Amino acid sequence: MREHKSIGYNFTYITIAAIAIYYYSDKFQNFNFILENINYAIVLFIFILILSINEIKVNRAGIIKKFFLLPLIIKQKTWREIKCYVEVDEVYEGGENGDHTDETIWFIDKNDKVCLRINRSFRHNLKEVLEVVNKYEDKAENKLKISNPYFMKRGWTKVKEDIKLNDNSKQ
């Protein structure tokens, strides 16, 4: 069974670690503090690296999102569980920095909830993976723009926007 893969990087954990280092920077000014705790720093770096790199695998059975360096599956969905997928611009209202937009792809299940979310930025080989997904799933005709979808993107609430599918649906 042929699989198509896409490797992606999530800099959220790296950003959180950088903010924590900046917050505790008064302790890190003393170089001896870092040398005394080098084992913890190396373990923390490896842990952040493992969490930051993920892989999307697509085959005829379904789609799998897993860690790249560990054989742990984050999410696994079959094509029967997924109704369609849609391109979404997630707009987050920021304070002093203004609005921030994430370009993502949401896979919607039969209950109109997000069952899998893929961030388009910092992802290699996504175009090839989406070509394979098009063989199995319907793509929404419209691109959604949703403000502050904190609960919706995790699948905790239903997608409230109108998703328009093609008339020649595969379902």
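The present account deals with the structure reproduced in this document. (Residues numbered from 1 in each chain as written. Predicted model: local features only at pLDDT ≥ 70, side-chain atom pairs only at ≥ 80, totals over all residues. Heavy atoms only, no water.)

Attention now goes to the environment of Ile7. Mapped onto the elements, Ile7 comes out in strand S1 (residues 4-9). Taking the C-alpha atoms as reference points, Ile7 and Phe122, 115 residues apart in sequence, are found 8.5 Å from one another. Ignoring anything within four residues of it in the chain, the contact list for Ile7 reads Ile53, Asn54, Glu55, Phe68, Phe122, Arg123 and His124. (Helix = DSSP H or I, 4+ residues; strand = E, 2+ residues; numbered from the N terminus. Contact = heavy atoms within 4.5 Å.)

In this section: a nonpolar patch on the surface. The grouping of Ile38, Ile42, Phe45, Ile46, Leu49, Phe68 and Leu69 at the surface amounts to a nonpolar patch, some 630 Å² of accessible area in total. Tracing the backbone through its elements, the reader meets Ile46 in helix H4 (residues 38-52). (Patch = residues over 30% accessible without salt bridge, like charges linked within 9 Å, V, L, I, M, F, W, Y side chains within 5 Å. Areas by Shrake-Rupley, 256 points an atom, 1.4 Å probe, with all protein chains shown as cover. Salt bridge = Lys/Arg side-chain N within 4 Å of Asp/Glu carboxyl O.)

This part takes up the layout of surface pockets. Gaps between atoms show up when a probe of the same size as a water molecule is rolled over them. Here the largest pocket is characterised by a volume of approximately 950 Å³. Along its surface, the largest pocket is lined by 30 residues, and Asn10, Thr12, Arg117, Asn119 and Lys153 are the ones closest to its centre. When residues of the lining of the largest pocket are traced back to their parent elements, those giving at least two are S1, helix H1 (12-23), strand S3 (62-67), strand S4 (73-78), strand S6 (100-109) and strand S7 (114-119). (1 Å grid on protein atoms, 1.4 Å probe; cavity = no way out; pocket = protein on both sides within 12 Å on 5 of 7 lines; lining within 4 Å. Points joined across faces, edges and corners; volume = space filled by probe spheres on them.)

This part covers the nonpolar core. Ranked by size, the top nonpolar core spans 16 residues in total, and within it Val58, Ile63, Ile105, Phe107, Ile118 and Val133 carry the most contacts. Counting residues per element, the ones that place at least two in this core are strand S2 (53-58), strand S5 (82-92), S6, S7 and helix H5 (126-136). If you tally residues by element for this core, the top one is H5, at five residues. Setting aside its immediate chain neighbours within four residues, Ile105 contacts Tyr85, Val86, Leu116, Arg117, Ile118, Arg120, Leu126 and Leu130. (Core = buried A, V, L, I, M, F, W, Y, C linked by side-chain atoms within 4.5 Å. Buried < 20%, exposed > 50% of the residue type's maximum accessible area, 1.4 Å probe, protein only.)

What follows is about the sheet that holds strand S8 (residues 123-124). Judged by pairing direction, the sheet is antiparallel, and its five strands sit side by side in the order S4-S3-S2-S1-S8 without closing on themselves. Edge positions in the sheet fall to S4 and S8, since each of these pairs with one other strand and no more. Where S2 and S3 come together, five bridges link them in antiparallel fashion. Bridge pairing links Ile56 to Lys65 in S3. The sheet contacts of H4 involve S1, S2 and S3, and relative to S2 the element is tilted by about 25 degrees. Strands in contact with H5 are S1, S2 and S8; relative to S1, the strand with the most contacts, it is inclined by about 135 degrees. (Pairing = 2+ DSSP bridges. Axes fitted to C-alpha atoms, helices over the stretch in contact; angles between N-to-C directions.)

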